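Close look at the chain arrangement
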Amino acid sequence: MAIEPARQLRLVILDACRDNPFAKIMKRSIASRAIGRGLAKIEPTSPNTLIAYSAKAGSTALDGDYRNSPFTMALAKHLTRPGLDVRRAFGFVRDDVLKTTSNKQEPFVYGSLGGEDVSLVPAAKAAPSTPAPNPQAEARRDYELALQLGNKDALNAFLAQYPEGFYANLAKIQIARIAAEETRLAATEKARLAEQERARLAAEGTQKTQQLKAAEVDAKAAQQARIAAGKAKQVAQEQAAAAEQKRAAAEMADKLSEKIAAINTGADRAAAGPSTADKAGGDQGEPKTNVASLSAGPSPADIAKPFQADIAKSVQIELRRVGCFTADADGEWNAASQRSLALFNRHARTKFDVKVASVDALDAIKLKPARVCPLVCQHGFEADGERCSKIVCGEGSFLNDDNECERRRSKATVKRNDNDRPSRRARQERPDGVDRGTPRYDAGYGARPPAQQARPLTGSERVLGCNSYEAIMSGKCP
């Protein structure tokens, strides 16, 4: 057969199932074979083969009212659709023919195909998708155009279009650079004009007042420059002084360590006894080393005492700066200094040993740029930022022992029964000689008896150590 060389699809289409024009006049005989209608059913034996009948086996096809039959018109309509599988195409052909012939003619397909789609007309290639426009690319193109113009108006127009983003930041930088350049050019031009004006006035000799005024302006500018240079020099000196102080403290600590190590080495040698050479020398009559003289030398504590005093004084100065120490920095590490360092530990969340002033504590306090401990004011004053302000109570109020304004209470009249007062003789017979029935002080308005003058210390007073006579007499406590 002609379709045998085909491999992917063998397709046979028959549109020849017409009525026999001689069927009506043909006579049947007993021995003759029966005459049937249409084409006989067929089953293809080759793979990938389809045989399409215009009408089902045993039925006839209609010619229709047009130039082509309904089956032919349906084939021309669906088989030529790009990318449409032939099985679905013959299905659409069947539907169209049944609809056109009012279900009188049903096309039929015999055979089978594989699972892949087989189309007579290949599907049209899909157009490549156009990538979405990149807003950054547009912003970059517009920014480069504005940059080529090189003026503030173009860059401001770009910022109005793109107020945010990377190129917007670049445009702002360019505007700032242009503004700085314009300022520089304006200053240069102003200086040039001033120089020309000064030269003209000097040549004419008639505008001495204006020359003096210009000289005053220059002198003022020079003075301001000198002041700025002096401030910068002062800052540099302060930084250098701080670095030198830190270096001196480190050197002091190193020297102290070296001296202590040397003394410890000498003490160890003295405790170990004379060496072999010393013994030999003793046998030869040479003087021996006196161990007692080594042990009688200055102790490490005596050598470290001046250095420790300097460190203690530096720590006290720094504690005063951060508001944790109120006494004078005398270098004596006493109980007040220990309480100040404990107060710093509590507010700065550190854990330095308060019994000794160490270099580590000094470095940690120097790192604090501002006040660490809260401001403690005396009785009658309250903290107001970095200073103590006097508390002023309103009319009808007074300042109580808790440093608060309290409203005065009306003076109550107490009626006393003279029969309850002990006799004069009984008062004189008291062993302590004190009259317990009557007060020995002038009560006055708003005064309190001496027995009520004592009150518990506040937290800040406990930190300052106000429970001792020395602290009260020093003026640090209220």
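Details of the structure are given in the entry above.
This write-up is about the structure you can find in this document.

Rules used throughout
- Residues numbered from 1 in each chain as written.
- Predicted model: local features only at pLDDT ≥ 70, side-chain atom pairs only at ≥ 80, totals over all residues.
- Heavy atoms only, no water.
- Phe/Tyr/Trp six-rings, centres within 6.5 Å; stacked < 30°, edge-to-face > 60°.
- Buried < 20%, exposed > 50% of the residue type's maximum accessible area, 1.4 Å probe, protein only.
- Helix = DSSP H or I, 4+ residues; strand = E, 2+ residues; numbered from the N terminus.
- Salt bridge = Lys/Arg side-chain N within 4 Å of Asp/Glu carboxyl O.
- Expected span 1.5 Å × (residues − 1).
- Contact = heavy atoms within 4.5 Å.
- Disulfide = S-S within 2.5 Å.

Next up on the list: the packing of aromatic side chains. Applying the stated criterion across every chain, the model contains six aromatic pairs. Pairing Phe108 with Tyr110 gives two aromatic rings, centres 5.0 Å apart and planes at 45°, and the pair type is tilted. For Tyr110, a relative accessible area of 5% puts it in the buried group. Summarising the aromatic geometry, the rings of Tyr143 and Tyr167 are spaced 5.7 Å apart at their centres and angled 45° between planes, so their arrangement reads as tilted. Note that Tyr143 is positioned in helix H3 (residues 135-149) and Tyr167 in helix H5 (residues 166-204), a separation of 24 residues in sequence. Of the two residues examined, Tyr143 and Tyr167, each falls in the buried class. Taken together through their ring pairs, the aromatic side chains of Tyr143, Phe158, Tyr162, Phe166 and Tyr167 make up a single cluster.

Counted under the stated rule, the structure contains 13 salt bridges. Asp96 is paired through a salt bridge with Lys77; the nearest N and O atoms lie 3.9 Å apart. Note that Asp96 is positioned in helix H2 (residues 86-100) and Lys77 in helix H1 (residues 70-78), a separation of 19 residues in sequence. With a closest N to O distance of 2.2 Å, Arg192 and Glu189 form a salt bridge. Of this pair, Arg192 and Glu189 both sit in helix H5, three residues apart, which is roughly one turn of that helix. Among the residues examined, Glu189 registers a relative accessible area of 34% and is labelled partly exposed. One network of salt bridges, in which partners are shared, links Arg94, Asp95 and Glu106.

The terminal C-alpha atoms of H2, which comprises 15 residues, lie 21 Å apart, in line with the 21 Å expected from a rise of 1.5 Å per residue. Buried within H2 we find Val86, Ala89, Phe90, Val93, Val97 and Leu98. Along its buried surface, H2 packs onto strand S1 (10-14), strand S2 (49-53), H1 and strand S3 (108-112). Of the residues flanking the end of H2, it is Ser102, one or two places downstream, whose phi is positive at about 55°.

Within the structure shown, the criterion is met by two disulfides. The disulfide bridge from Cys324 ends at Cys373, spanning 1.7 Å between sulfur atoms. On the sign convention where negative means left-handed, the S-S torsion of about 90° between Cys324 and Cys373 marks this disulfide as right-handed. In this pair, Cys324 sits in the loop between helix H9 (300-321) and helix H10 (335-348) while Cys373 sits in the loop between helix H11 (359-366) and strand S4 (381-384), placing the two residues 49 residues apart along the sequence. The burial state of Cys324 is the same as that of Cys373; both residues are buried. At a sulfur-sulfur separation of 2.1 Å, the disulfide partner of Cys393 is Cys405. Every disulfide takes its handedness from the sign of the S-S torsion; for Cys393 and Cys405 that torsion is -90°, giving left-handed. With Cys393 in the loop between strand S5 (387-390) and strand S6 (397-399) and Cys405 in strand S7 (residues 405-407), the pair connects residues that are twelve residues apart, well separated along the chain. On the accessibility criterion, Cys405 (40% relative accessible area) is partly exposed.

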